[in-house]
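A look at the structure
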Amino acid sequence: MYRLLLVDDEKDICDNIKLLLDWSAYQITSILTASSYAEAVSKAMDFQPHIALVDIRLGDHWGYELAEHLHSIGLETVFCMISGYDDFEFVHRSMQAGAKDYLLKPISVKELRSFIERTIVRDLHGELPEQTALQQEIDPVLQVPYSQFSKITNKIILIVKSNYRSALTLTNIADIFNMSSKYIGRIFLKDTGMKFSEYLTSYRMIQARKLIENTQEKISVIANLVGYSQLNNFYVHFKSYYSISPSTLRNFGAASPLAPVPENVD
């Protein structure tokens, strides 16, 4: 049902990715590979992939340039960049090009599965297999298993994971489900004990803290990357959530007074 394009100039990488998941479980029945920018463009135009995993560096081109080009000619492919470089500028450029995720090599099965599941639910409006890895994981905000939540709440959380960087609202999500925002809001509150807006803010704060502690990016850039167009609002929410300002946290460095971020945060 779904078509997947793998783009990497190392054939072994594409071959290995094919073995990482049971693709058929996600109704991904057709997989093509390309080893260059030109080959990827040619195949994508004919193949019309729903999902593409693209190496960040493709000879004289960049993976995010491929995403920009294919989007410009009308393809609605969902892109994920793969890279051996943990470079924040690459991440930023990829997201600007519309990529939904950025995975480091060697690719984690858990992270790849999470990207695929989010994409199927959020972008392709599909259904997940009965038993998914998501159900066995612990939610980073609530610290309880996803299996405790309803199907709708799990879908909402998947959408948050892939879209927290954008202007996301419960109304946007309700439109995807063709349901009332009040209805899904009540379900989410019942399942989690939190309003959707509170959960979204919490998830953004966890992501922001990871960026502050692990990169040298400016606080203003980090605020934008986690969904805040107004820096002041970001400072207020961060201070309220952690009882410490973003700048103070960065100055603490390794001596941070905060508890470690849970390892399972995507």
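So, here's what we can say about the structure. Fair warning: this is a prediction, and the values are worked out from it, not measured in the lab.

**Overview of the pattern of salt bridges**
Close approach of charged atoms allows side chains of opposite charge to pair. Tallying each qualifying case throughout the model produces eight salt bridges. The partner of K100 in a salt bridge is D123, and the shortest N-O contact between them spans 3.7 Å. Placement of K100 in the loop between α4 (88-96) and β7 (101-104) and of D123 in helix α5 (residues 109-123) is noted, with a sequence separation of 23 residues between them. Here K100 falls in the partly exposed class, since its relative accessible area comes to 23%. Taking the shortest distance from any N to any O, the salt bridge between R118 and D101 comes out at 2.4 Å. One end of the pair, R118, is in helix α5; the other, D101, is in strand β7, with 17 residues separating them in the sequence. Judged by its relative accessible area of 4%, R118 is buried. Via salt bridges that share partners, D8, D55 and K105 belong to a single interconnected network.

**Overview of the sheet that holds strand β3 (residues 51-55)**
Judged by pairing direction, the sheet is parallel, and its five strands sit side by side in the order β2-β1-β3-β6-β7 without closing on themselves. Taken across any chain shown, the strands that pair with only one partner, and hence form the sheet edges, are β2 (28-34) and β7. Going from strand to strand, the sheet's axes swing by 20° on average, the running direction of each strand aside. The pairing of β3 with strand β6 (residues 78-83) spans five bridges and is parallel. Its bridge partner lying in β6, V54 is registered against M81.

**So, the packing of aromatic side chains**
Going through the model one piece at a time under the given rule, you end up with 11 aromatic pairs. With centroids separated by 5.5 Å and ring planes inclined at 80°, the aromatic side chains of F188 and Y199 adopt a geometry described as edge-to-face. Of the two residues, F188 is situated in helix α8 (residues 181-192) and Y199 in helix α9 (residues 196-214); the sequence distance between them amounts to 11 residues. Y199 shares its class with F188; the two are buried. Judged by centre distance (5.5 Å) and plane angle (65°), the ring pair of Y228 and F234 falls under edge-to-face. What makes Y228 buried here is its relative accessible area of 8%.

Rules behind the numbers
The residue count restarts for each chain, going from 1 along the sequence in the order it is written. Totals for whole chains, interfaces and linings use all residues, but because this is a predicted model, local features are given only for residues with pLDDT of at least 70 and pairs of side-chain atoms are given and counted only at 80 or more. Water and hydrogen atoms were dropped before computing side-chain values, which therefore reflect all heavy atoms in the structure. By salt bridge we mean one thing: a side-chain nitrogen of Lys or Arg within 4 Å of a carboxyl oxygen of Asp or Glu. Runs of E in the DSSP output that reach at least two residues are strands. Runs of H or I that reach at least four are helices, and both are numbered from the N terminus. Each residue's exposure class comes from its accessible area (1.4 Å probe, protein chains only) as a fraction of the maximum for that residue type: buried when under 20%, exposed when over 50%, partly exposed otherwise. For two strands to be treated as a pair, DSSP must find at least two bridges joining them. Interaxial angles span 0 to 180 degrees and are taken between N-to-C directions of axes, which are lines fitted to C-alpha atoms, for helices over the stretch in contact. Working definition: a ring pair exists when centres of Phe, Tyr or Trp rings (six-membered ring for Trp) sit within 6.5 Å. Plane angles under 30 degrees give stacked, over 60 give edge-to-face, the rest tilted.

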